[in-house]
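Here is what each chain is made of, one letter per residue.
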Amino acid sequence: MTRVLAALLILSGIGAHGLLLEAATPGASDSSVEIAVVANAEAATVALVDISSRSILGVIDVNPARTRAEGPGKPNFAQDTDVSPDGRTLYVSRGYLGDVAAFDIATGRLLWQRSLNTGRADHMTLTPDGRSLFVSAMLDNRVYKITTATGEIAGHLVTGVYPHDVKVSKDGRQLFNSSLGPLAGMPRSASSPPLTETPGFPFQLTIADVDTLAISDRIRLDTAFRPWQFSPDERRAYAQLSNQNAVVSYDMATRKVDRRLDLPVKPGVTVADWDFEAPHHGLALTADGRTLCLAGRASDYAALVDARDLSLIATVPVGDGPGWSEVTDDGRFCLVTNTRAHDLSIIAIASRSEVARVPMGKGPKHITMARLPTDVVVAVKARR
């Protein structure tokens, strides 16, 4: 370790034998720190959470202009996030503002903002090379491709009805989007311009070419996939379903659900407790493909599930309204945002227990796991 790096570590309060060793994973650079990037939808902020110290390093204001917009449910000014491969740029889909914005993480400065002319900028994903960002414009049945360097729109594709979760294959060639079908709790505004394109099926997995946006397949599903993840080999998908307390395994070759696990329901919970038809919303998979961590939003728990046979390992009580989950690089911890409790649960997977509860801003939703360079971490802490 160079003297310069060691000095930076000391100034940042990390310590050469503390956080970095704890956060490091095999093959990871010792000049980066694992951070959970948490979108606080109602607060219009993004919190940067240090996994090792279980504390907030800093917060980025993602609506510095204080632009206002309304939609069904709680305010949503930070729906989803992504971080550039170099760990220096934050991308945010700003929910009811209907746009995407990029911020310099070190300074918190707005780099660009791009309107999608939609009432709901939803989930998004980066290509592995970090050059393109794909964002669901839910109410318009479109996924937009955005050039990350400039924020320019590079095209769009028409999806199923109400596109939601978006993935890009590991090789960066294929785009996958799952659609929800029309949601009664999130109608398209009567003042919206009329749609000019015909969407696919209500419940659809759309597959397209990342470069050309040409659609290669429209797979009709029996019910909507909510949050979902590929297995490490991308031969199957694990998905939570609309209006169900369940997780399924979906074989990509046969296009069929081959396993299903019905999950516990907290006594007294009814359909009235579900948000936007999703009693479960948040699904993460450890890098070895063995353990799923599921956010049981209506029943206030995180479920740990053996992905190999979809058997329940344990349910871990968390805060009110868990709405998203992610796992750390080393697979030791699952992080769950408690949307109505305004905090973040950190769950040790091995001991099947909550080991920390970290206060967030109002309405935490999406989590992105990222590695930030040490100089960026130092700059973030200096702004507090």
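Everything numeric here is computed off the predicted structure, so don't read it as measured data.

A. Local environment of the overall build of the protein chain. Per the secondary structure count, the protein chain includes three helices and 28 strands. Taking 384 residues into account, the globule formula puts the C-alpha radius of gyration at 21 Å, and the protein chain, at 20 Å, falls close to it. Dimensions of the protein chain, computed from the C-alpha atoms along their principal axes, are close to 60 × 45 × 40 Å. The proportion of buried residues among the 384 residues of the protein chain is 58%. Relative to all contacts within the protein chain whose residues are 6 or more apart in sequence, the contacts with residues 24 or more apart total 49%. Accessible surface, the protein chain: about 15600 Å² in total, of which carbon and sulfur atoms supply 51%. Here the protein chain holds 40 positive side-chain charges and 42 negative ones, and the gap between their average locations is 1 Å.

B. Examining the sheet that holds strand β16 (residues 225-230) more closely. Taken in spatial order, the four strands line up as β16-β17-β18-β19 in an open sheet, and their pairing is antiparallel. Each of the sheet's edge strands pairs with one partner strand only, and the pair in question is β16 and β19 (256-262). Strand-to-strand twist in this sheet, taken as the mean axis angle between neighbours without regard to direction, amounts to 25 degrees. In terms of strand pairing, strand β17 (residues 236-241) meets strand β18 (residues 246-251) through five bridges, oriented antiparallel. Residue pairing across strands places Gln240 opposite Val247, the latter belonging to β18.

C. Geometry of the nonpolar core. Grouped together as the largest cluster of nonpolar side chains are 22 residues, with contacts concentrated most on Val37, Leu48, Val62, Leu90, Ile105 and Leu372. Breaking this core down by element, the ones donating at least two residues are β1 (32-40), β2 (45-50), β3 (55-61), β5 (89-93), β6 (99-104), β28 (364-373) and α3 (374-382). Ranked by the residues each element gives to this core, the list is headed by β1, at four residues.

D. Representation of the side chain of Glu42. Relative to the assigned elements, Glu42 resides in the loop between β1 and β2. An unpaired buried charge is present at Glu42: no salt bridge exists, and Lys362, the closest side chain of opposite charge, is 4.1 Å distant. Apart from the residues lying within four places of it in its own chain, the contact partners of Glu42 are Lys74, Pro75, Phe77, His342, Lys362 and Gly363.

E. Main features of the layout of surface pockets. Computed from the structure, the largest pocket encloses a volume of approximately 1400 Å³. Listing elements by their share of the lining of the largest pocket, those giving two or more residues are β4 (80-83), β8 (121-126), β12 (163-168), β16, β20 (283-285), β24 (322-327) and β28. Per-element accounting of the lining of the largest pocket gives the leading share, six residues, to β28. Per-class residue counts for the lining of the largest pocket are 17 nonpolar, 13 polar and nine charged. Approximately 510 Å³ is the volume found for the second largest pocket. Around the second largest pocket, the lining is made up of 31 residues, and of these Asp275, Phe276, Arg297, Thr339 and Lys365 lie nearest the centre. For the lining of the second largest pocket, the elements supplying multiple residues, two or more each, are β24 and β28. Taken together, the residues that form the lining of the second largest pocket break down as 11 nonpolar, 12 polar and eight charged.

About the cut-offs
- Sequence positions are assigned chain by chain, starting from 1 and proceeding in written order.
- Owing to the predicted nature of the model, reporting of local features is limited to residues with pLDDT of at least 70; listing and counting of side-chain atom pairs is limited to 80 or more, with chain, interface and lining totals taken over all residues.
- Processing note: side-chain calculations cover all non-hydrogen atoms of the structure and skip hydrogens and water entirely.
- Only DSSP runs of H or I covering at least 4 residues are called helices, and only runs of E covering at least 2 are called strands; the numbering of each starts at the N terminus.
- This radius of gyration counts C-alpha atoms alone. The globule rule is 2.2 Å times how many residues there are, raised to the power 0.38.
- Relative accessibility under 20% of the residue-type maximum defines a buried residue, over 50% an exposed one, and the middle range a partly exposed one, all with a 1.4 Å probe and only protein chains included.
- Contacts are assigned to residue pairs with any non-hydrogen atoms lying within 4.5 Å of each other.
- What sets the accessible areas is the Shrake-Rupley method with a 1.4 Å probe; for residues, cover comes only from the shown protein chains.
- Asp and Glu count as negative and Lys and Arg as positive, but His and the ends of the chain are not part of the count.
- Just so you know, the charge point we use is NZ for Lys, CZ for Arg, CG for Asp and CD for Glu.
- Any two strands with at least two DSSP-identified bridges between them are counted as paired.
- Axis geometry follows a simple rule: fit a line to the C-alpha atoms, using only the stretch in contact for helices, then measure angles between N-to-C directions, giving values from 0 to 180 degrees.
- Buried Ala, Val, Leu, Ile, Met, Phe, Trp, Tyr and Cys residues that are joined via side-chain atoms within 4.5 Å together make up what is termed a nonpolar core.
- The rule for a salt bridge is simple: a side-chain nitrogen of Lys or Arg has to be within 4 Å of a carboxyl oxygen of Asp or Glu.
- We place a 1 Å grid over just the protein atoms. Points where a 1.4 Å probe fits but has no way out form a cavity, open points with protein on both sides within 12 Å along at least 5 of 7 lines form a pocket, and any residue with an atom within 4 Å of a point lines it.
- Grid points are joined across faces, edges and corners, and a volume is the space filled by probe spheres set on the points.
- Basically, the charged four are Asp, Glu, Lys and Arg, the nonpolar ten are Ala, Val, Leu, Ile, Met, Phe, Trp, Tyr, Cys and Pro, and anything else, Gly included, counts as polar.

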